[in-house]
Amino acid sequence: MATLNADNMKMRAQLKGELTEVKVLMSHPMETGRKKDDFDRLIPAHFVQLVTATLNGKTVLEAQWGTGISKNPYLTFRLKGAKVGDIIQVTWLDNLGETATQNIAVTQA
Amino acid sequence: MQRRNFLSLLMGSASLLVMLPINAWAALLNASLWNKAAFETAKLNEASKNLAIHDEIISADIQIIAPDRAENGAIVQVEVKSNIANTETISIFVEKNPTPLIAHFKFSNGAEPFIVTRIKMADTSEIKVVVKAGSQYFTHSKNVIVLENGCG
């Protein structure tokens, strides 16, 4: 499987009061399959379909995406009950079977 | 079937499964978890139907923060927050997009019903959000004027 390196995803998880805010920036072309190249050929669809986030291994967010998410997808979500040092993991899987995973520890804002 | 035959059959099929390339596993997983019918339809009501959305109640308890005018439809930042108790999922649609369903988020284990993401908009359109709470569906929309098509 084409597993991309860790640089593929930039993540930050900050505890602010009782909420932890997680920001994720992924590197992905998000091709719709409707765009044409310079030679008038359709560029095949290539987009993230599934995104999963876990807190210490427990699922907190499951997303399904279509081609309408912008290139280099950006995502913010918020969690209750996370503590400094807890591990948040985000994994994406695209329509060509490519995947990437990234872990980040919660820090105090 | 003889027990031995059954066992060998089981072992045979198990090793076959193990030998599947991981890409195929990923594809199988995608196929089972990704709502193809909802995401590929050009009709918003078809997409809603495929997500089992019905009898939507218009609600001001759904906040949508997006620009009134977007210069570039390729990147429109949208923030969605549900103030409805027991929100389980948030779905985002863009009415005028070639495929209106943009994203479907499911929250669990302490995740707040809140999301910020960036979406593509082909044209000036309503951004429609549907929230599922228990067996009920709630909806709210926001119009965004798009100056430059972002779906190429």
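In short, a report on the structure. (Residues numbered from 1 in each chain as written. Chains lettered and ligands numbered in written order. Predicted model: local features only at pLDDT ≥ 70, side-chain atom pairs only at ≥ 80, totals over all residues. Heavy atoms only, no water.)

### As for the pattern of salt bridges
All names here are of chain A. A complete count under the given rule lists 13 salt bridges over all chains for this structure. Of the charged contacts in the structure, one is a salt bridge between Asp86 and Lys83, with a shortest N-O distance of 3.8 Å. Residue classification places Lys83 among the exposed residues on the basis of a relative accessible area of 52%. Salt bridges sharing common partners tie together Lys16, Glu21, Lys23 and Arg78. (Salt bridge = Lys/Arg side-chain N within 4 Å of Asp/Glu carboxyl O. Buried < 20%, exposed > 50% of the residue type's maximum accessible area, 1.4 Å probe, protein only.)

### Here's the deal with the sheet that holds strand S4 (residues 76-82) of chain B
Strand order in this open sheet of seven strands is S8(A)-S1(A)-S2(A)-S5(A)-S7(B)-S4(B)-S2(B), and the pairing throughout is mixed. Bordering the open sheet on either side are strand S8 (107-108) of chain A together with strand S2 (62-65) of chain B, each of which pairs with just one other strand. (Pairing = 2+ DSSP bridges. Helix = DSSP H or I, 4+ residues; strand = E, 2+ residues; numbered from the N terminus.)

### Observations concerning the packing of aromatic side chains
Evaluated as defined, the whole model comprises two aromatic pairs over all chains. Taking 5.7 Å as the distance between ring centres and 55 degrees as the angle between the ring planes, the aromatic pair formed by Phe47 of chain A and Trp34 of chain B counts as tilted. In this pair, Phe47 of chain A sits in the loop between strand S2 (19-26) and strand S3 (48-55) while Trp34 of chain B sits in the loop between helix H2 (22-33) and helix H3 (36-40), so the two residues belong to two different chains. With 5.2 Å between their ring centres and 5 degrees between their planes, Trp34 of chain B and Phe39 of chain B make a pair best called stacked. Residue class for Phe39 of chain B comes out buried when judged on its relative accessible area of 2%. Feature note: the residues Phe47 of chain A together with Trp34 and Phe39 of chain B constitute an aromatic cluster, connected by ring pairs. (Phe/Tyr/Trp six-rings, centres within 6.5 Å; stacked < 30°, edge-to-face > 60°.)

### Observations regarding the interface of chain B and chain A
Taken together, the contact between chain B and chain A spans 36 residues of the former and 37 residues of the latter. Taken over both partners, the interface formed by chain B and chain A buries close to 3200 Å², and the fraction arising from carbon and sulfur atoms is 52%. Summed over the shared surface of chain B and chain A, the result is two salt bridges. Between Lys106 of chain B and Glu62 of chain A there is a salt bridge, and its shortest N-O distance comes to 3.8 Å. Where chain B packs against chain A, one counts 20 residue pairs in polar contact (both at pLDDT 80 or more). Sorting the residues of the side of chain B that touches chain A by element identifies H2, S4, strand S6 (101-107) and strand S7 (114-119) of chain B as the ones contributing at least two each. It is S6 of chain B that contributes the most residues to the side of chain B that touches chain A, seven residues altogether. For strand S4 (residues 58-65) of chain A and S6 of chain B, the ladder comprises five bridges, and the chain directions are antiparallel. Along S6 of chain B, the bridge assignment pairs Gln64 of chain A with His104 of chain B. (Contact = heavy atoms within 4.5 Å. Buried area = accessible area lost by both parts, 1.4 Å probe. Polar contact = N/O pair within 3.5 Å; in protein donor to acceptor, adjacent residues only side chain to side chain.)

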